[in-house]
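So the chains spell out like this:
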Amino acid sequence: MNISGGNLPAMSGAGQSGEVYSAALAKKQQKADGAAALALIEGAASSSAAQTPAKSVTASLGNNVNVYV
């Protein structure tokens, strides 16, 4: 993402005000990205807690392993 002030169409000749404007836009985007990440984490945490637990494995499973060399 390019946030330099010279690339803004409405503020191209404004100098520092264009840079301030683009910094404000970048800050808004970072806040939105952070909120989306938090929502994703909360959603993953709540869905994993709602899943049914795994069935218990029988004691004989995996005790006999045939290895041929």
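In what follows, the accompanying structure is described. These figures come from a predicted structure and were not determined experimentally.

Across its full length, the chain holds one helix and zero strands. Here the chain, with 69 residues, has 7% of them falling under the buried criterion. As displayed, the chain has an accessible area near 6100 Å², and 60% of this comes from carbon and sulfur atoms.

Together, Val65, Val67 and Val69 line one region of the surface with nonpolar side chains, adding up to about 400 Å² of accessible area. Take Val67: it is sitting in the segment after helix H1 (16–50). Overall, the relative accessible area of 65% leaves Val67 in the exposed class.

The next thing to look at is the side chain of Ser22. With respect to the helices and strands, the residue Ser22 is situated in helix H1. Among the polar contacts made by the side chain of Ser22, one reaches the main-chain carbonyl oxygen of Glu19 at a distance of 3.0 Å.

Scoring rules and cut-offs
Residues numbered from 1 in each chain as written. Predicted model: local features only at pLDDT ≥ 70, side-chain atom pairs only at ≥ 80, totals over all residues. Heavy atoms only, no water. Helix = DSSP H or I, 4+ residues; strand = E, 2+ residues; numbered from the N terminus. Buried < 20%, exposed > 50% of the residue type's maximum accessible area, 1.4 Å probe, protein only. Areas by Shrake-Rupley, 256 points an atom, 1.4 Å probe, with all protein chains shown as cover. Patch = residues over 30% accessible without salt bridge, like charges linked within 9 Å, V, L, I, M, F, W, Y side chains within 5 Å. Salt bridge = Lys/Arg side-chain N within 4 Å of Asp/Glu carboxyl O. Polar contact = N/O pair within 3.5 Å; in protein donor to acceptor, adjacent residues only side chain to side chain.

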